[in-house]
Every structure is written in C-alpha cells, then in structure tokens.
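Structural features, examined
Chain residues, written in single-letter form:
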Amino acid sequence: GAVVSQHPSRVICKSGTSVKIECRSLDFQATTMFWYRQFPKQSLMLMATSNEGSKATYEQGVEKDKFLINHASLTLSTLTVTSAHPEDSSFYICSARLDRENEQYFGPGTRLTVT
Amino acid sequence: AQKVTQAQTEISVVEKEDVTLDCVYETRDTTYYLFWYKQPPSGELVFLIRRNSFDEQNEISGRYSWNFQKSTSSFNFTITASQVVDSAVYFCALSELFNDYKLSFGAGTTVTVRA
C-alpha cells in the first residue's frame, strides 16, 4: 500500500511554456502533499507544502507565481511550472503524507528539461 | 543552518566490504524523527528506516543496521558485506514536530560498490 505516482516521468519543453506535473496517492487519501526539487548531484529541497482545499505554503525563496500548486482533491496535487526557463530544469519529486502517521511516501519523480 | 550533516560526499568500496555512512543532526525539538533513504540511479527514493527521538534502540534489517545516539546527535547507517546493488546515493533526513514534520535532507552520500 501507500503508493504515489507522478505524471509525466519525463518532460521536455521549450523556454517560455508552462508544464504541469501531477502527483497522485493511489491507495490512500493525503491531506498534505509536498513538492521537492533536486538539481543534479544535490539533495532534495522542499519547495512547498500542498494542502487539500487551501493554499499551498511555499518555502523561502520559492516563487509562488512561478510554481503554481493546486491540491484539488485528497488524492491529487499538481505543480505547474509557468513560463519555464532552462534554469528550471530539474528533478521534481512529490510526496504524500498519510494523515494518521508521520510518514511521507514519495513519487518516482519527474525529470523536467527546458530547452 | 544545516540541520542534517552527511560529511561523507562519496564512498567507494569493494564488494563484501562493510560501509558506514555518518549522519549528524541538529534540533532543539524533543520530538523528532530520523530517516534514511536510498536513491538509486533511477531517481526514485526508497525508504529504508524511520526512528523516533524516543527510541534509541539500534536496529538491524538484513545487511543494514542503524546506530542512533542522541548524546552525539548521530544516526549512522552501516551496510554489511556490501553488494554492487547497494550502489546509490543515501540520504539522511530529519523531521521535527515544531516544523510540522517537514523533512530536512542531508546532502547525501554517494556509495559506489565495485565488483
């Protein structure tokens, strides 16, 4: 149990376009989901906390207007990278937290390349 | 300030050697959790262990063992009789009650096991 999926697994887009990444908890409900970014050979950095039915909470230094997060249901959170630029190329990983536990389950990640 | 320090950037061993990964954490909270994750080349994070701050018992799971010492704020991880499949990046992470249990990751240690 506790499986999290992400779609797409890889995406290449042109500079200036927007890209949407989906994160789904497949067999459990998650009031809270998290979005991380990982640059090559670096650690995971928390970007934002996605809360079902309310606004996301962004970490310091993360532009909320550039990284739009929508948590419309208890099993789906989306991250939209707006007006993407090459420096946004990264590995984006989501996680979903089981409400009754302090445990995060991670998705397989989405590799974004902006050309 | 870095909450989780993994001083070893890279470790290279020959198969069957033991390898110990260091993790030192910093927190003022009395209620917190420590984690270890494995990230193979595919990128997907694999959960290895979670330990709460009130449980200092060491743990062994197959070839993996963990040594939690609150006195030195360390949570070290040992792989016994390493195998090539153990080659990956290993992350130590901390989640704290006062920080809503968000995960703070260490920089990671890249382990390469040579045949």
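Residues numbered from 1 in each chain as written. Chains lettered and ligands numbered in written order. Predicted model: local features only at pLDDT ≥ 70, side-chain atom pairs only at ≥ 80, totals over all residues. Heavy atoms only, no water.

Some points on the overall build of chain B
Assigned secondary structure in chain B consists of zero helices and 12 strands. The secondary structure elements of chain B, listed N-terminal to C-terminal, are β-β-β-β-β-β-β-β-β-β-β-β. Against the 2.2 N^0.38 benchmark of 13 Å for 115 residues, chain B shows a C-alpha radius of gyration of 14 Å, consistent with a compact globule. For the C-alpha atoms alone, the extent of chain B along its principal axes is close to 45 × 25 × 20 Å. Expressed as a percentage of its 115 residues, the buried residues of chain B come to 46%. Working note: accessible area of chain B is about 5700 Å², and carbon and sulfur atoms make up 49% of it. The averaged location of the 14 negative side-chain charges in chain B is 2 Å from the averaged location of its 10 positive side-chain charges. (Helix = DSSP H or I, 4+ residues; strand = E, 2+ residues; numbered from the N terminus. Rg over C-alpha atoms; globule rule 2.2 N^0.38 Å. Buried < 20%, exposed > 50% of the residue type's maximum accessible area, 1.4 Å probe, protein only. Areas by Shrake-Rupley, 256 points an atom, 1.4 Å probe, with all protein chains shown as cover. Lys, Arg positive; Asp, Glu negative; His and termini not counted. Charge placed at Lys NZ, Arg CZ, Asp CG, Glu CD.)

Things to note about the state of the cysteines
Inspection of the entire model under this criterion finds two disulfides over all chains. Here A:Cys23 engages in a disulfide with A:Cys94; their sulfurs sit 2.0 Å apart. Handedness of the A:Cys23-A:Cys94 disulfide follows from its S-S torsion of about 80°: it is right-handed. Taken together, the residues span a long stretch of sequence, with A:Cys23 in strand 3 (residues 19–25) and A:Cys94 in strand 9 (residues 90–97) at a distance of 71 residues. We note that A:Cys23, like A:Cys94, is buried. Here B:Cys23 engages in a disulfide with B:Cys92; their sulfurs sit 1.9 Å apart. On the S-S bond that ties B:Cys23 to B:Cys92, the torsion sits near -65°, and the link is left-handed. One end of the pair, B:Cys23, is in the loop between strand 3 (19–21) and strand 4 (24–25); the other, B:Cys92, is in strand 10 (residues 88–96), with 69 residues separating them in the sequence. Free of any disulfide, A:Cys13 has its nearest neighbouring cysteine sulfur in A:Cys94, separated by 18 Å. A relative accessible area of 8% places A:Cys13 in the buried class. (Disulfide = S-S within 2.5 Å.)

Thoughts on the pairing of strand 10 of chain B
All names here are of chain B. With respect to burial, strand 10 is a largely interior element, eight of its nine residues being buried. Where strand 5 (residues 32–39) meets strand 10, eight bridges bridge the pair, whose relative direction is antiparallel. By the bridge assignment for strand 10, Phe-35 is matched with Ala-93. In this sheet, strand 12 (residues 109–114) lies alongside strand 10 in antiparallel orientation, the contact comprising three bridges. Among the inter-strand pairings, Ala-88 is bridged to a residue of strand 12, identified as Val-111. Here three bridges tie strand 10 to strand 11 (residues 103–105), and the two strands are oriented antiparallel to one another. Looking across to strand 11, one finds that Leu-94 is bridged to Ser-104. (Pairing = 2+ DSSP bridges.)

Quick word on the pattern of salt bridges
Side-chain pairs of opposite charge can arise whenever the charged atoms involved come near each other. All names here are of chain B. Counting across every chain of the model gives nine salt bridges over all chains. Between Arg-51 and Asp-55 there is a salt bridge, with its nearest N and O atoms 2.9 Å apart. Here Asp-55 falls in the partly exposed class, since its relative accessible area comes to 23%. Salt bridges sharing common partners tie together Arg-51, Asp-55 and Glu-59. (Salt bridge = Lys/Arg side-chain N within 4 Å of Asp/Glu carboxyl O.)

A look at the nonpolar core
In this structure, A:Phe67 and A:Leu112 are the most contacted members of the largest nonpolar core, which totals 27 residues. Breaking this core down by element, the ones donating at least two residues are strand 2 (10–13), strand 3, strand 4 (32–38), strand 5 (45–51), strand 7 (67–73), strand 8 (76–81), strand 9 and strand 11 (110–114) of chain A. Other than its neighbours up to four places away in sequence, A:Phe67 contacts A:Arg37, A:Met47, A:Tyr58, A:Val62, A:Leu79, A:Thr80, A:Val81, A:Asp88 and A:Tyr92. One finds B:Val4, B:Tyr25, B:Phe77 and B:Ala88 within the second-largest nonpolar core, a separate group that totals 24 residues. (Core = buried A, V, L, I, M, F, W, Y, C linked by side-chain atoms within 4.5 Å. Contact = heavy atoms within 4.5 Å.)

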